[in-house]
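Chains, contacts and geometry: an overview
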Amino acid sequence: MNSEDIKAVKELLASSQEIVIIPHKNPDGDAIGSTLGLWHYLTNKGLSATIIAPNDYPKFLKWMPGNEHILNFEQHNTQAKEKLANASLIFTLDFNHLGRTGQMAPLLESSMAEFVMIDHHQAPDDYATVTYSDVSKSSTCEMVYEFLNYLGDTDKVTAEMANCLYTGIMTDTGSFKFRSTTSRTHTIIADLIDRGAQNTEIHRQIYDTNSPSRLHLLGCALKNMVILEEYRTAYITLSQEELDRYKFKKGDTEGFVNYGLTLDGIIFALIFIENKEEEIIKISLRSIGDFSVNEFSRAHFQGGGHTNAAGGKSDESMEKTVQNFLGYLRAYKKELGTGTRISN
Ligand code: 5GP
Ligand code: MN
């Protein structure tokens with residue numbers, strides 16, 4: 001943020017009566033951690049703020065301090081709409097186009113409130129009064145810390161905030177191993193630990209919450225994995241029938257896509273997950289090195305994200321989606337088939 005942005009944010013905070021903070025649909029650790037981190041900061045300042053999540057999220061994210069104050073737009077629809085209608089300032093965190101909020105999007109598009117965006121994805125839309133967008137940052141949680149730094153308020157980071165922000169940095173960096181992890185990331189993490197982030201406990205809360213059925217679902221996913229050596233690509237499919245068989249719960253497939261990239265030589269991994277209710281195939285894409293899954297998803301699967309991690313969807317059947325995908329791949333033979341593997 002430049003000095004004009006900082007001044008504008010200070011003025012917006014000084015003049016706002018009701019503030020709303022919004023993460024993207026199907027929020028992940030970074031989305032929940034960053035919105036809660038900011039919420040604690042604003043609330044501790046004596047401001048009136050409410051987080052509205054577009055929909056529900058997995059149980060392993062619900063332990064974070066302040067979670068009980070989050071409104072879910074689907075479950076608390078009337079209350080959430082009222083809060084939105086009264087908001088004079090809206091923070092949108094961890095996404096950069098309003099379509100990422102699903103059913104909330106029309107309400108946000110017609111809102112008279114001022115917007116502040118804090119986000120690290122590529123190609124931000126131009127809807128905010130203040131756009132703090134930086135694709136080089138590991139996570140929105142890291143950016144919320146920097147945001148407080150710009151406001152001269154890192155000394156106001158409480159243990160509660162530190163736990164929330166640590167969580168999002170950890171999940172978005174794959175526990176500090178992705179290329180986006182910088183020395184600055186570690187400096188911030190060190191400060192968060194000094195301020196009370198319970199790092200060991202956070203790792204346990206996020207990663208050690210397996211159920212037998214989730215492990216069986218993982219077994220099924222790994223069995224379904226197809227390896228396309230000539231494209232250095234591996235993909236997994238999970239049908240609705242398979243999800244039902246292993247009692248799928250929200251969040252159970254988190255991280256499955258990464259297994260493909262643990263294969264020596266594989267630089268592009270995907271998972272296709274059927275969602276009968278929404279009549280879509282949800283797709284997660286990951287890569288190692290310069291192959292941009294953000295561009296691939298934008299071009300073929302109505303999605304986007306980062307160079308090495310993106311999401312998207314298909315409105316076709318699983319069979320047709322995979323068939324289409326194999327067709328799209330052909331055009332990338334040169335990019336995927338040669339070159340050296342660059343490790344993260
Ligand atoms: P995931 O595969 O874990 O759902 O998402 C990977 C990354 O891509 C995340 O940063 C997420 O915010 C982004 N992403 C996921 N789905 C979509 C989508 O449908 N559209 C866009 N633009 N980004 C997405
Ligand atoms: Mn993020």
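Our subject is the structure that appears above.
Residues numbered from 1 in each chain as written. Chains lettered and ligands numbered in written order. Predicted model: local features only at pLDDT ≥ 70, side-chain atom pairs only at ≥ 80, totals over all residues. Heavy atoms only, no water.

**Structural notes on the pattern of salt bridges**
This structure, assessed with the given rule, holds 13 salt bridges. Here Lys62 makes a salt bridge to Asp56, at a shortest N to O gap of 2.9 Å. Residues joined by salt bridges that share partners form a network here, namely Lys137, Glu142, Glu146 and Arg184. (Salt bridge = Lys/Arg side-chain N within 4 Å of Asp/Glu carboxyl O.)

**What about the sheet that holds strand S3 (residues 71–72)?**
Read across the open sheet, the 6 strands follow the order S3-S2-S1-S4-S5-S6; overall the sheet is parallel. Each edge of the sheet is formed by a strand with only one pairing partner; in this case those strands are S3 and strand S6 (130–133). When strand S2 (residues 48–53) meets S3, the two strands line up parallel, connected through 2 bridges. Residue pairing across strands places Ala53 opposite Asn72, the latter belonging to S3. Taken strand by strand, helix H1 (residues 3–15) contacts strand S1 (18–22), strand S4 (89–93), strand S5 (114–119) and S6, and its axis lies near 125° from that of S6. (Pairing = 2+ DSSP bridges. Helix = DSSP H or I, 4+ residues; strand = E, 2+ residues; numbered from the N terminus. Contact = heavy atoms within 4.5 Å. Axes fitted to C-alpha atoms, helices over the stretch in contact; angles between N-to-C directions.)

**A word on helix H6 (residues 159–172)**
Taking 1.5 Å per residue as the helical rise, H6 with its 14 residues ought to reach 20 Å, and the 20 Å between its terminal C-alpha atoms agrees with that figure. Most of H6 is tucked away: 11 of the 14 residues are buried. Regarding H6, the residues found buried are Met161, Ala162, Asn163, Cys164, Leu165, Tyr166, Thr167, Gly168, Ile169, Met170 and Asp172. Its buried side turned inward, H6 meets helix H2 (29–44), helix H5 (140–150), helix H7 (183–194) and helix H8 (199–207). (Expected span 1.5 Å × (residues − 1). Buried < 20%, exposed > 50% of the residue type's maximum accessible area, 1.4 Å probe, protein only.)

**Brief notes about the coordination of the manganese ion (ligand 2)**
All of the protein donors around the manganese ion (ligand 2) are Asp30 (OD), Asp94 (OD), His120 (NE2) and Asp172 (OD); their distances to the metal are 2.1 to 2.4 Å. Read from N- to C-terminus, the donor residues coordinating the manganese ion (ligand 2) fall into the pattern D-x63-D-x25-H-x51-D. Here Asp94 is found in the loop between S4 and helix H4 (105–109), whereas its partner Asp172 is found in helix H6, with 78 residues between them in sequence. (Donors = N, O, S within 2.8 Å, 3.2 Å for Na, K, Ca; no water.)

**Quick word on the packing of H5 against H7**
Running from N to C, H5 and H7 point in directions that differ by 75°, and their axes come no closer than 11 Å. The orientation of H5 relative to H7 falls into the category roughly perpendicular. Along its contact with H5, which presents Glu142, Tyr145, Glu146 and Asn149, the element H7 presents Arg184, Thr185, Ile188, Asp191 and Leu192. Residue composition of the contact of H5 with H7, grouped by class: 3 nonpolar, 2 polar and 4 charged. (Parallel < 35°, antiparallel > 145°, perpendicular 65-115°, else oblique. Nonpolar A, V, L, I, M, F, W, Y, C, P; charged D, E, K, R; others polar.)

**A look at the sheet that holds strand S7 (residues 226–228)**
Taken in spatial order, the 6 strands of this open sheet run S7-S8-S9-S10-S12-S11, and their pairing is mixed. Looking at which strands have only one partner, the edges of the open sheet turn out to be S7 and strand S11 (304–305). With 6 bridges connecting them, strand S8 (residues 233–238) and strand S9 (residues 268–275) associate as parallel partners. Considered in S9, the bridge of Tyr235 is made with Leu270. Strand contacts of helix H13 (residues 318–329): S7, S8, S9, strand S10 (280–287) and strand S12 (309–314), with the helix running at about 160° to S9, the strand carrying the most contacts.

**Comments concerning the pairing of S5**
Among the 6 residues in S5, 5 count as buried, and that is most of the element. In the sheet, S5 pairs with S6 via 4 bridges, with the strands oriented parallel. When the sheet's bridge partners are listed, Met117 is paired in S6 with Thr131.

**So, the site of ligand 1**
Taken together, 13 residues lie around ligand 1, and Arg100, His121, Ser284, Arg286 and Gly304 are the ones closest in. Within the side chain of Lys282, a nitrogen or oxygen atom sits 3.0 Å from a nitrogen atom of ligand 1. Here an oxygen atom of ligand 1 sits 3.2 Å away from a polar atom, N or O, in the main chain of Gly311. About the coverage of ligand 1: the protein hides 81% of its 490 Å² of free accessible area. Going through the elements one at a time, S10, S11 and S12 are the ones with two or more residues in the shell around ligand 1. Taken together, the residues of the shell around ligand 1 sort by class into 2 nonpolar, 8 polar and 3 charged. The residues that make up the shell around ligand 1 include at least three from each of domain 1 (3–207) and domain 2 (212–338). (Near = heavy atom within 4 Å. Polar contact = N/O pair within 3.5 Å; in protein donor to acceptor, adjacent residues only side chain to side chain. Areas by Shrake-Rupley, 256 points an atom, 1.4 Å probe, with all protein chains shown as cover. Domains from an automatic or database assignment.)

**Brief notes about the packing of H2 against H5**
Their axes nearest at 8 Å, the elements H2 and H5 cross at an angle of 20°. Between H2 and H5, the interaxial angle falls into the category roughly parallel. Here H2 contributes Asp30, Gly33, Ser34, Leu38 and Tyr41 to the contact with H5, which in turn contributes Thr140, Cys141, Val144, Phe147 and Leu148. A per-class count over the contact of H2 with H5 returns 6 nonpolar, 3 polar and 1 charged.

**Quick word on the nonpolar core**
Counting 51 residues, the largest nonpolar core has Leu13, Ile21, Leu38, Leu42, Phe91, Phe147 and Leu192 as the members making the most contacts within it. Counting residues per element, this core draws most heavily on H6, which supplies 7 residues. Those residues in contact with Phe147 that lie beyond four places of it in its chain are Met1, Val9, Leu38, Phe91, Ile118 and Tyr132. Formed by 38 residues, the second largest nonpolar core is a distinct cluster that contains Val257, Ile266, Phe272 and Leu336. (Core = buried A, V, L, I, M, F, W, Y, C linked by side-chain atoms within 4.5 Å.)

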